[in-house]
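Spelled out from the first residue to the last, the chains are:
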Amino acid sequence: MTESNAQEPQHFNEIRADRACIGCGFNLYAQPVSKEEHYGLAICTCPECGTVAALQSYPVMSHWVNRFRALIAAIWIIVLLGIFIGYTMSITGMAQGTANLAGEKMGDIIGHEHHIWSQEQDRLRELAKQAGQTAAQSATPTATPDPLSFGGTTTIVTSNGVTTVNGTIVPTTPLSPAQSGQYNWVWLTQGWGDAHLQQVIDDSGGLLANIDREFLVMLIPGTIVGTLFGIFWSIALLGSTRRKAIIVPLVACLIACMLLIGMSRPDYNYTYVSGLTQDLYAPVIGPVFIAYMFLISCFGVWIGRMVARRIVVMALPARSRVPLSNLWIQDGLALPKPK
Amino acid sequence: MRIVPRSHTCPSCLTELGRIRAAPDPHYGLPVVVCPSCSLATVRQRHPDIEFWRSFRRVHSAIRGVVLRIGLTIGGAALIALFVMVSDDMFTIHGQFSPEYPFATGDPQLAMGALMLLGTCMLLMMSMVLLYRHRSIFFAIAIMLGLTLFILTIDYTFVWIERTMAQLFAFISDARYPRRSEMMGRFIRFAFIGSCSLLGVVPALLLGGIVDRSDRRRFRRLLNKRRKQRRIHD
């Protein structure tokens, strides 16, 4: 055996797990394990910096470490799932609120038309009643207890809201839809929606022509919530890249979209106009708002780690930042040096 | 204090090597212990069980530090903003604040309440300066007063955003600005309470020195303990 062969350490295996070099942090995976000649210890030499690492280590004496690791991982996953559900629900709720606001103008139109229709029905009913009754009986039964009399004119308002002046029915002038907003809370009569709703929508120019732009106000809370959740996902999914972390908001937005469209089934009977228009506008405005939430969440994911790093640098002294160094390492940055 | 070294047993003959000093070997610098009974050389390393808990504790304490500091900052600013909002009739009878006569009501209970309020604000500012003493005093003051001002004007800000959007996208906004007199009152009270809270910087500077000295003493104690431990253990 030559001298050089005697100095050459004997290779008998290679590392088959992640093991960081204590010198430079290089991953020693797949590096050859050798037996050095002085003590016969199993060592591995870092190919980057040449630091020798001893591979002999204690066996894990207790199973509790692994159990705790599993427990902490399970709790973390449950918490993340809970936050994911909350995130999806908040997007769905805000999209419904947006649809509600977007439908206010159309709600006024529908409610207004329904109001005129119901007044007409009342008038016809009253006329039919008057035709079947005697002149003496017709004045009093449904009238208010105290008819208003002024200058020989007697005004009676019936319980149905029909006004009669000296026995003649006067059609009341309803408020115009633009000035009220109260028609959103009109209770739709059974059967009216099936018979008249589509015609009212078509006559008014359609759903898109009558969007109440006040729904844009929902962009303010949407921006705040979306950015905050994006920042959270960016930090919580520190193990993955930011591009992969965007998948979580994407999935949440898709689920929210499906929930919104699935829940929005317009019911024409026994409902408030507000509820009806919310259901009508949800499939129109909801996906647009959810797409906006997705974009804002992506923005949050993009800036999240930077924000977290700024907060850590602001809040913690230099020596306390070291355990949170992953915030820098994941993005290939170096820990900031203390000034 | 008696320091007991961690156990280190020879894997070959089970001799206790805990009290033998692990000198860095001349070839690789590894902490090698040669067993006096069987001459087997072993490297002294930390147990993975201990390492797990140690790293867990480090990360936990760092996260706790961040959450506590941020929480205290936001909570402190919100508390000062709350004091500013509720103190409109604390200083004067009809909320007409006059800096010359801050306690014009003459009601001793109200005056005591106002003093306690100012004392609390000073304490909060003192805590902020102590918390952010690794940065600078001005940073702590700026972050505290800036955050308070933001909370105080949050309603105005949101109304402004909504009305700007209403103008931009041509819809009718029903949001109303707070009254001018209300905003002026808020700003004057904020200026008074904010400047009073700045008095908390003085005790913070004195306490900061004491805390820093205490930290240094604690660090020295820990260092001495570790050195002693290493002398026995290695």
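Reading guide: rules and limits
- Every chain is numbered independently, its residues counted from 1 as its sequence is written.
- To label them, take the chains in the order written and letter them from A, then take the ligands in the order written and number them from 1.
- Only residues with pLDDT of 70 or above have their local features reported here, since the model is predicted, and side-chain atom pairs are shown and tallied only from 80 upward, although totals for entire chains, interfaces and linings are computed over all residues.
- Excluding hydrogens and water, the side-chain values take into account all heavy atoms of the structure.
- Throughout, a residue-residue contact means that at least one pair of heavy atoms, one from each residue, lies within 4.5 Å.
- Accessible area that two parts lose when put together, with a 1.4 Å probe and added across both, is what the buried area reports.
- Every case where a carboxyl oxygen of Asp or Glu lies within 4 Å of a side-chain nitrogen of Lys or Arg is listed as a salt bridge.
- Numbering of helices and strands runs from the N terminus, with a helix taken as a DSSP run of H or I at least four residues long and a strand as a DSSP run of E at least two residues long.
- To estimate the expected span of a helix, count its residues, drop one, and scale the result by 1.5 Å.
- We call a residue buried when its accessible area falls under 20% of the maximum for its residue type, exposed when it is over 50%, and partly exposed in between, using a 1.4 Å probe and counting protein chains only.
- Comment: arc refers to directions from the helix axis out to C-beta atoms.
- Any two strands with at least two DSSP bridges between them are considered paired.
- Note: pLDDT gives the predictor's confidence per residue, expressed from 0 to 100.
- The set of buried Ala, Val, Leu, Ile, Met, Phe, Trp, Tyr and Cys residues whose side-chain atoms join them within 4.5 Å is what this entry labels a nonpolar core.
- Counting rule for disulfides: a pair of cysteine sulfur atoms within 2.5 Å.

Undergrad: Can you lay out the interface of chain B and chain A for me, pointing to particular residues and giving the numbers?
TA: If you look at the interface, chain B gives 43 residues, while chain A gives 37 residues. Here chain B and chain A share an interface that buries about 3500 Å² over both sides, 71% of which is from carbon and sulfur atoms. For chain B, the biggest contributors to the area lost against chain A are Y28, Q45 and F52 of chain B; these three give 17% of the whole. Linking chain B with chain A are zero salt bridges, by the criterion used here.

Undergrad: An account of helix 5 (residues 192–204) of chain A is requested, with residue identities and associated values reported.
TA: Residue and element names in this part refer to chain A. Its 13 residues place the ends of helix 5 17 Å apart at the C-alpha level, agreeing with the 18 Å of an ideal helix rising 1.5 Å per residue. Listed as buried for helix 5 are W192, G193, L197, V200 and I201. All buried residues of helix 5 project into a common sector of 95° when viewed along the axis, lining one side. Turned more than 90 degrees from where helix 5 packs its buried face, D194, A195 and D203 sit exposed. The inward-facing, buried residues of helix 5 abut helix 3 (104–132) and helix 9 (273–315). Immediately beyond the C-terminal end of helix 5, within one or two residues, lies G205, with a positive phi of roughly 110°.

Undergrad: Before we move on, could you go through the sheet that holds strand 2 (residues 31–34) of chain B and cite the residues and values that matter?
TA: Residues and elements named next belong to chain B. Taken in spatial order, the three strands make up an open sheet running 1-2-3, and their pairing is antiparallel. The sheet is open, and its two edges are formed by strand 1 (23–24) and strand 3 (41–43), each paired on a single side. Here strand 1 runs beside strand 2; their pairing, made up of two bridges, is antiparallel. Bridge pairing in strand 2 places P24 opposite P31.

Undergrad: Explain helix 2 (residues 108–131) of chain B to me, and be specific about the residues and the numbers.
TA: Along its 24 residues, helix 2 of chain B runs 34 Å from first to last C-alpha, staying within 8% of the 34 Å computed at 1.5 Å per residue. Along helix 2 of chain B, the positions that sit buried rather than exposed are A114, L117, L118, C121, L124, M125, M126, M128, V129, L130 and L131 of chain B.

Undergrad: Talk me through the confidence of the model for chain A; I want residue IDs and the actual numbers.
TA: Residue and element names in this part refer to chain A. On average, residues of chain A carry a pLDDT of 80, and 79% of them reach 70 or more. Across residues 1–6 the pLDDT falls below 50, and counting only partners more than four positions away or on other chains, this stretch makes one contact in the model. Here residues 171–175 scores under 50 on pLDDT; set against residues more than four positions off or in separate chains, the count is 12 contacts.

Undergrad: With reference to specific residues and values, describe the nonpolar core.
TA: Generally speaking, nonpolar side chains in soluble globular proteins are found buried as a group. Ranked by size, the top nonpolar core spans 52 residues in total, and within it I91, I110, F215, W233, Y281 and I290 of chain A carry the most contacts. Every element with two or more residues in this core is listed here: helix 2 (64–102), helix 3, helix 5, helix 6 (219–236), helix 8 (247–263) and helix 9 of chain A together with helix 4 (154–169) of chain B. With 12 residues, the top contributor of residues to this core is helix 9 of chain A. Counting 28 residues, the second largest nonpolar core, distinct from the first, contains M314 of chain A together with M125, L131 and L145 of chain B.

Undergrad: So what's going on with the pairing of strand 3 (residues 42–45) of chain A? Which residues, and what values?
TA: All names here are of chain A. Sheet analysis places strand 2 (residues 32–35) next to strand 3, joined by two bridges and oriented antiparallel. In the sheet register, K35 faces strand 3, and the bridge partner there is A42. Connecting the antiparallel pair strand 2 and strand 3 is a turn made up of six residues, with G40 showing a positive phi of about 80°. In this antiparallel pair of consecutive strands, strand 3 and strand 4 (residues 52–54), the connection spans six residues, and G50 shows a positive phi of 80°.

Undergrad: Any chance you could break down the state of the cysteines for me, citing the residues and the numbers?
TA: Evaluation of the coordinates by the stated rule reveals zero disulfides over all chains. For the unlinked cysteine C298 of chain A, the closest cysteine sulfur is that of C253 of chain A, found at 7.9 Å.

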